[in-house]
Amino acid sequence: MHQTCTRNDLLRFIYRETTVSENLAIREALSEDLLLREAYQDLYGGYSQLPKATFSPAPAVVRNILHYSATTAFERQF
C-alpha cells in the first residue's frame, strides 16, 4: 500500500514534526515523485525566507515561576 504525501505532510516534514517512519516514507516519495519534490522545494523556499523568531521570557517572569515552584514545593512537604 502506497500512501500519498500531502502538502501538510511536507510542512510537518520541513518543521521536523514527523515520526521516523513518516520521514522514511516522505523521503522515499520525494525521490520517486517529481511533482512532490517540486512542491517540497516551493514550500522549503518559503520556509527558508521566514524570519527565525526566538523568544525569551523577561527575567522577572522566570523569577516568578521559580518562586512559585519553590513555594508550592515547600507547601506540599507539609
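Nothing here was measured: the structure is a model prediction, and the numbers come from that model.

**Some thoughts on the side chain of Thr72**
For Thr72, the location among the structural elements is in helix H4 (residues 59–77). Polar side-chain contacts of Thr72 include one of 3.2 Å to the backbone oxygen of Ser69.

**Considering the packing of aromatic side chains**
Inspection of the entire model under this criterion finds 4 aromatic pairs. With 5.6 Å between their ring centres and 45 degrees between their planes, Tyr44 and Tyr47 make a pair best called tilted. Here Tyr44 pairs with Tyr47, and both are found in helix H3 (residues 34–49), just 3 residues apart, close to one helical turn. Three or more aromatic residues link up through ring pairs in this structure, and these residues are Phe13, Tyr15, Tyr40, Tyr44 and Tyr47. When the ring centre of Tyr47 is taken as reference, the NZ or CZ atom of Lys52 above it lies at 4.2 Å.

**Some points on helix H1 (residues 7–14)**
Side chains of residues three or four places apart in an α-helix project in the same direction, reflecting 3.6 residues per turn. All of the buried residues along H1 are Asp9, Leu10, Phe13 and Ile14. In an axial view of H1, the angular spread of the buried residues amounts to 140 degrees, which keeps them on one side of the axis. Buried-residue contacts for H1 involve helix H2 (20–32) and H3.

**So, the packing of H1 against H3**
Across the interface, H1 lies against H3 with an axial gap of 10 Å and an inter-helix angle of 50 degrees. When the axes of H1 and H3 are compared, the pair comes out oblique. Crossing geometry of H1 relative to H3 is assigned as right-handed. Mapping the contact onto sequence places Arg7, Leu10, Leu11, Phe13 and Ile14 in H1 and Leu36, Ala39, Tyr40, Leu43, Tyr44 and Tyr47 in H3. A per-class count over the contact of H1 with H3 returns 10 nonpolar, no polar and 1 charged.

**Some thoughts on a nonpolar patch on the surface**
On the surface, a nonpolar cluster with roughly 260 Å² of combined accessible area is contributed by Leu11, Tyr15 and Leu50. Since its relative accessible area comes to 34%, Leu11 is described here as partly exposed.

**Describing unusual backbone geometry**
Peptide bonds are mostly trans, and most non-glycine residues show a negative phi. Phi is positive for Arg16, which is not a glycine, with a value near 55 degrees. Relative to the assigned elements, Arg16 resides in the loop between H1 and H2.

Cut-off values and rules
- Residues numbered from 1 in each chain as written.
- Predicted model: local features only at pLDDT ≥ 70, side-chain atom pairs only at ≥ 80, totals over all residues.
- Heavy atoms only, no water.
- Helix = DSSP H or I, 4+ residues; strand = E, 2+ residues; numbered from the N terminus.
- Polar contact = N/O pair within 3.5 Å; in protein donor to acceptor, adjacent residues only side chain to side chain.
- Phe/Tyr/Trp six-rings, centres within 6.5 Å; stacked < 30°, edge-to-face > 60°.
- Lys NZ or Arg CZ within 6 Å of the ring centre and 35° of its normal.
- Buried < 20%, exposed > 50% of the residue type's maximum accessible area, 1.4 Å probe, protein only.
- Arc of directions from axis to C-beta.
- Contact = heavy atoms within 4.5 Å.
- Axes fitted to C-alpha atoms, helices over the stretch in contact; angles between N-to-C directions.
- Parallel < 35°, antiparallel > 145°, perpendicular 65-115°, else oblique.
- Left-handed = near helix turned anticlockwise from the far one by under 90°.
- Nonpolar A, V, L, I, M, F, W, Y, C, P; charged D, E, K, R; others polar.
- Patch = residues over 30% accessible without salt bridge, like charges linked within 9 Å, V, L, I, M, F, W, Y side chains within 5 Å.
- Areas by Shrake-Rupley, 256 points an atom, 1.4 Å probe, with all protein chains shown as cover.
- Salt bridge = Lys/Arg side-chain N within 4 Å of Asp/Glu carboxyl O.

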